[in-house]
Amino acid sequence: MPDLMRLHLTANLPIRVEPLVFAGRVEFRLGNAFPAVLVVDAEALPRLAEAIAEGQTALDAARGGQ
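These numbers come from a predicted model, not from an experiment.

**Side note on the overall build of the protein**
1) Next: In terms of regular secondary structure, the protein is built from 1 helix and 3 strands.
2) Next: N-terminal to C-terminal, the α/β element order of the protein is β-β-β-α.
3) Next: In terms of overall size, the protein is more extended than a compact globule, its C-alpha atoms giving a radius of gyration of 14 Å where 66 residues would be expected to give roughly 11 Å.
4) Next: C-alpha atoms of the protein, sized along the principal axes, occupy 45 × 30 × 30 Å.
5) Next: Residue burial in the protein is summarised as follows: out of 66 residues, 11% are buried.
6) Next: Taking the contacts inside the protein whose residues are at least 6 apart along the sequence as the reference set, 2% of them involve residues at least 24 apart.
7) Next: Entry remark: accessible area of the protein is about 5,600 Å², with carbon and sulfur atoms responsible for 61%.

Following this line, the structure appears as C-alpha cells:
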C-alpha cells in the first residue's frame, strides 16, 4: 500500500499537544527532530479517544487481561 503512512509510537516518544482554538482543532506533534503532525477536528476527538480505548481493550484481551 504505497498511500499508507505508518507511525510507530513508543512509550518514550515525545508528544506535544497544541490546541488550535481558532480552527476548532487539536494538533499532536509526535517526535522531536522530524515530527509527524496529526491534526484532529474537535468533533473527532471523542472518536479518536474511543479508537485508542478499543485498541487498548483488544490488546488487554489478547494478553489475557494483564
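**With respect to the pairing of strand S1 (residues 15–20)**
Consecutive side chains of a regular strand alternate in pointing toward one face of the sheet and then the other.
1) Next: Pairing analysis gives 6 bridges linking S1 to strand S2 (residues 25–30), with the strands arranged antiparallel. Across the sheet, residue Leu20 finds its bridge partner in S2, namely Arg25.
2) Next: Two successive antiparallel strands, S1 and S2, enclose a turn made up of 4 residues, where Gly24 displays a positive phi of approximately 70 degrees.

**Focus: the pattern of salt bridges**
1) Next: Applying the stated criterion to the full structure yields 4 salt bridges.
2) Next: A salt bridge links Arg25 to Asp41; the shortest N-O distance between them is 2.7 Å. Of this pair, Arg25 sits in strand S2 while Asp41 sits in strand S3 (residues 36–41), placing them 16 residues apart in sequence.
3) Next: Taking the relative accessible area as the measure of exposure, Arg25 reaches 38% and is therefore partly exposed.
4) Next: Glu27 is the salt-bridge partner of Arg29, the closest N and O atoms lying 2.7 Å from each other.
5) Next: On the accessibility criterion, Arg29 (35% relative accessible area) is partly exposed.
6) Next: Linked through salt bridges whose partners overlap, the residues forming this network are Arg47, Glu50 and Glu54.

**Observations concerning the pairing of S2**
1) Next: One ladder, built from 6 bridges, connects S2 with S3; its direction is antiparallel. Bridge pairing links Arg25 to Asp41 in S3.
2) Next: The loop that links S2 with its antiparallel partner S3 comprises 5 residues; one of these, Gly31, has a positive phi angle of about 100 degrees.

Rules of the game
- Residues numbered from 1 in each chain as written.
- Predicted model: local features only at pLDDT ≥ 70, side-chain atom pairs only at ≥ 80, totals over all residues.
- Heavy atoms only, no water.
- Helix = DSSP H or I, 4+ residues; strand = E, 2+ residues; numbered from the N terminus.
- Rg over C-alpha atoms; globule rule 2.2 N^0.38 Å.
- Buried < 20%, exposed > 50% of the residue type's maximum accessible area, 1.4 Å probe, protein only.
- Contact = heavy atoms within 4.5 Å.
- Areas by Shrake-Rupley, 256 points an atom, 1.4 Å probe, with all protein chains shown as cover.
- Pairing = 2+ DSSP bridges.
- Salt bridge = Lys/Arg side-chain N within 4 Å of Asp/Glu carboxyl O.

The values reported here are purely geometric and, on their own, carry no functional implication.
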